[in-house]
Amino acid sequence: MKFGLKKVVFVMLLSAIASFAKPTVYILATGGTIAGSGSGALDSSYTSGTVTVDKLISAVPEINKIATIKGEQISNIGSQEMNNEVWLKLASRVNELLVNGNADGIVITHGTDTMEETAYFLNLVVKSDKPIVMVGAMRNSSSLSADGPLNLFNAVNVAIDKNSIGKGVVVVMNDEIHAAREVTKTNTTSVSTFKSPNSGKIGTVFYGKVKYYMNPIRKHTLNSDFDIANIKELPRVDIIYSHTNDNADFVNTALKNNAKGIISSGMGNGNPYPSVLNALFDGVKNGVIVVRDSRVGSGETTLNGEVDDDKYGFITSDNLNAQKARVLLMLALTKTNDKDKIAKIFETH
Ligand code: GLU
């Protein structure tokens, strides 16, 4: 009996030591298909953001063997509902947990529609080099071959991998690791929807085995010009999509509604329709920052290509897509209205 007690105490001690040795990973849940459920395994209609963080965690018991897991519910929404308020709350919490808290890494579960925007926002404002991993799913939790559980297992493995330190925010989906600045959703329904069209993925994660092949080199996290501690609100920046036989109505509406910046998602190398070009020029004359971008989906929008940017006072987005250019312009406008300084920010972030 006496020996039995000693044995129990010894085993408890060992498991306490083992749990101290394990890294601590916080899973911050925001919603999306990974937290979605439908009425049947083959039912393609479902509702995002119905499964709580505790259920998400209990669906993948394997993660408890590799890390001390703590879950927090930040929101439970489809990511098409994502807004500045949730972004600021999420960024502050991530910062707090990594800088002053006991988190060794963070995993954020998120809808796939706007995951790339949240990833880039966090990549620019969080002040830590510890791993921050975003993950989602293309198939809801009730679906046959739901991809959420393995994606979550892989995400936790990436979050505890030493090589994830200093990479900024990464997106883990479908066995691939993508850098926040580069990744974009490219297919409405496929599990292989996330791609980095300009640079390719930076790594892979296969049943938890992490391999990196590249480092993101643009400024992020510790080296970024932005800090969530100094950001209380974000200015209005609109995206205006171009097409043949276009008109200036949307630009004029943006200007009337006091947009501080406009991302012009132009044709080809960022070319707007002539009447749109003139309306954008009116915006510049009224102090609005206009960033020329392209609707093509990859490649750089080059300065002074077919459009004389110097004459119109426009800047270009480098090779960011419109939704990422919008994130960066909003943040840039929290610091300055100087076009040349903002151009520099686009060259470096
Ligand atoms: N529209 C939903 C969202 O982005 C579902 C898409 C998904 O998560 O895959 O949250």
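Just above sits the structure.
Computed from a predicted structure; not experimentally measured.

**Quick look at the sheet that holds strand 14 (residues 261–266)**
Here's step 1: The strand order across the open sheet formed by four strands is 13-14-15-16, and the pairing between neighbours is parallel. Strand pairing shows two members of the sheet lacking a second neighbour, strand 13 (237–241) and strand 16 (315–316), which therefore form its edges.
Here's step 2: In the sheet, strand 15 (residues 289–294) pairs with strand 16 via two bridges, with the strands oriented parallel. Bridge pairing in strand 16 links Val291 to Ile315.
Here's step 3: Each of strand 13, strand 14 and strand 15 touches helix 10 (residues 322–333); the most contacted strand, strand 14, lies at about 160° to it.

**Looking at the environment of Val210**
Here's step 1: Residue placement: Val210 occurs in strand 12 (residues 209–212).
Here's step 2: The exposure class assigned to Val210 is buried, which follows from its relative accessible area of 16%.
Here's step 3: A C-alpha to C-alpha distance of 32 Å links Val210 and Leu331, two positions 121 residues apart in sequence.
Here's step 4: Setting aside residues up to four positions removed in sequence, Val210 forms contacts with Asn157, Val158, Asp161, Ile177, Thr204 and Val205.

**Some points on the nonpolar core**
Here's step 1: Ranked by internal contacts, the top residues of the largest apolar core, which has 56 residues, are Phe121 and Val125.
Here's step 2: Of the residues forming this core, the biggest block, nine residues, is contributed by helix 10.

**Re the sheet that holds strand 8 (residues 176–179)**
Here's step 1: Read from one edge to the other, the open sheet built from eight strands follows the order 4-1-5-6-7-8-11-12, with strand pairing classed as mixed. Every other strand in the sheet has two partners, leaving strand 4 (68–77) and strand 12 as the edge strands with one partner each. Across the sheet, the mean angle separating the axes of adjacent strands is 25° when strand polarity is ignored.
Here's step 2: As paired elements, strand 1 (residues 24–31) and strand 4 share seven bridges and run parallel to each other. Bridge assignment links Ile27 to a residue of strand 4, and that residue is Gly71.
Here's step 3: The strands touched by helix 4 (residues 84–99) are strand 1, strand 4, strand 5 (105–109) and strand 6 (132–135); relative to strand 4, the strand with the most contacts, the crossing angle is about 170°.
Here's step 4: Across the sheet, helix 5 (residues 115–125) touches strand 5, strand 6 and strand 7 (169–173), and the angle it forms with strand 7 is around 155°.

Thresholds applied
- Residues numbered from 1 in each chain as written.
- Predicted model: local features only at pLDDT ≥ 70, side-chain atom pairs only at ≥ 80, totals over all residues.
- Heavy atoms only, no water.
- Pairing = 2+ DSSP bridges.
- Helix = DSSP H or I, 4+ residues; strand = E, 2+ residues; numbered from the N terminus.
- Contact = heavy atoms within 4.5 Å.
- Axes fitted to C-alpha atoms, helices over the stretch in contact; angles between N-to-C directions.
- Buried < 20%, exposed > 50% of the residue type's maximum accessible area, 1.4 Å probe, protein only.
- Core = buried A, V, L, I, M, F, W, Y, C linked by side-chain atoms within 4.5 Å.

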